[in-house]
Amino acid sequence: MQKWEYLTTPLLIHNTKAILDNFGSDGWELVQVIQGPQGPESLVAYFKRPINEGA
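One numbering rule holds for all chains: residues counted from 1, following each sequence as written. Where totals are concerned, whole chains, interfaces and linings use all residues; where local detail is concerned, this predicted model gives features only for residues with pLDDT of at least 70, and gives and counts side-chain atom pairs only at 80 or more. Water and hydrogen atoms play no part in the side-chain values, which are based on all heavy atoms of the structure.

A. Expanded view of the packing of aromatic side chains. Pairing of aromatic rings covers Phe, Tyr and Trp, the last counted by its six-membered ring, and requires centre-to-centre distances within 6.5 Å; plane angles under 30 degrees mean stacked, over 60 mean edge-to-face, and any other angle means tilted. Scanning the model with the defined rule gives one aromatic pair in all. Here the guanidinium or amino end of Lys48 rests over the ring plane of Trp4, the centre of that ring lying 4.1 Å away. Only Lys NZ and Arg CZ are tested; either one counts as a charge over a ring when it is within 6 Å of the ring centre and within 35 degrees of the ring normal.

B. Spotlight on the nonpolar core. To form a nonpolar core, buried Ala, Val, Leu, Ile, Met, Phe, Trp, Tyr and Cys residues must be joined to one another through side-chain atoms within 4.5 Å. To sort residues, take the accessible area from a 1.4 Å probe on protein chains only and compare it with the maximum for the residue type: under 20% means buried, over 50% means exposed, and anything in between is partly exposed. Formed by Leu11, Ile19, Phe23, Trp28, Ala45 and Phe47, the largest nonpolar core amounts to six residues. Elements with a contribution of two residues or more to this core: helix 1 (16–25) and strand 3 (39–50). The contacts of Ala45, once residues within four sequence positions are left out, are Leu7, Thr8, Thr9, Leu11, Leu30, Gln32 and Val33. A run of H or I in DSSP counts as a helix once it spans at least four residues, and a run of E counts as a strand once it spans at least two, with each numbered from the N terminus. The contact definition used throughout considers only heavy atoms, calling two residues in contact when any of these lie within 4.5 Å.

C. Up close: a nonpolar patch on the surface. To count toward a patch, a residue needs a relative accessible area over 30% and no salt bridge; like charges are then connected within 9 Å, while nonpolar side chains (Val, Leu, Ile, Met, Phe, Trp, Tyr) are connected within 5 Å. The method behind every accessible area is Shrake-Rupley, applied with a 1.4 Å probe, and residues are considered shielded solely by the protein chains displayed. Think of a salt bridge as a Lys or Arg side-chain nitrogen and an Asp or Glu carboxyl oxygen that are within 4 Å of each other. A surface patch of nonpolar side chains, amounting to about 230 Å² of accessible area, comprises Val31, Ile34 and Tyr46. Within the secondary structure layout, Val31 lies in strand 2 (residues 29–36). Using a relative accessible area of 51% as the deciding quantity, one classes Val31 as exposed.

What follows is the structure, encoded as structure tokens:
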């Protein structure tokens, strides 16, 4: 059965592409972006990636 690990991180609005590209190159898949606790200028990104149990 596939196992996953998860990551939650703030997402800076002025630099979203670079941040998402960086996590993507590390194997993280973006699952969702939601508004953060500081209002509409604050975003939180949720990522997941498979756990490689053979490594």
